[in-house]
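Structural features, examined
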Amino acid sequence: MAYEKALSALADPTRRHVFERLRSGPKAVGAIARGMPVSRPAVSQHLRALKEAGLVADRAEGTRRVYFIDPHGLGALRKWLDQFWDEALAAFQAEVERASDQKDQCK
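Residues numbered from 1 in each chain as written. Predicted model: local features only at pLDDT ≥ 70, side-chain atom pairs only at ≥ 80, totals over all residues. Heavy atoms only, no water.

Here we come to the packing of helix H2 (residues 13–21) against helix H4 (residues 40–52). Relative orientation of the contacting elements H2 and H4 amounts to 80 degrees, with a least axis distance of 10 Å. On the basis of their axis angle, the class for H2 and H4 is roughly perpendicular. Where H2 approaches H4, its residues Thr14, Arg15, Val18 and Phe19 are matched on the opposing element by Val43, His46, Leu47, Ala49 and Leu50. Taken together, the residues that form the contact of H2 with H4 break down as 6 nonpolar, 2 polar and 1 charged. (Axes fitted to C-alpha atoms, helices over the stretch in contact; angles between N-to-C directions. Helix = DSSP H or I, 4+ residues; strand = E, 2+ residues; numbered from the N terminus. Parallel < 35°, antiparallel > 145°, perpendicular 65-115°, else oblique. Contact = heavy atoms within 4.5 Å. Nonpolar A, V, L, I, M, F, W, Y, C, P; charged D, E, K, R; others polar.)

General note: in soluble globular proteins, nonpolar side chains tend to be found buried as a group. Residues Val18, Ile32, Val43, Leu47, Leu50, Leu55 and Tyr67 are the most contacted members of the largest nonpolar core, which totals 19 residues. Elements that contribute at least two residues to this core include exactly helix H1 (2–10), H2, helix H3 (29–33) and H4. Broken down by element, this core gets its largest block of residues, 4 residues, from H1. Residues contacting valine 43, with those up to four places away along its chain left out, are Val18, Val29, Ile32, Ala33, Met36 and Val38. (Core = buried A, V, L, I, M, F, W, Y, C linked by side-chain atoms within 4.5 Å. Buried < 20%, exposed > 50% of the residue type's maximum accessible area, 1.4 Å probe, protein only.)

Structural data, given as structure tokens:
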């Protein structure tokens, strides 16, 4: 299950921070590592774990690797999370209908 790998990868706070730095668009490892409390090689290791989890992808730009959020991997995680939203909406709808029925009975 793809979402399990994604959740496991994002469980690490530093890895989650690396992932969040890609929110604004593709970045090279050096740009991601700048200002972080971990070394550039450590950031590369976190990126590797995120890539294995399907959350990021990379491409060559000259001599650098540029990383970006992989929408396919993120889609698997979102699909898993959406099932909870669907259940919450169904429960909300049932409660609204129950309250409406009670109101109608009081008339």
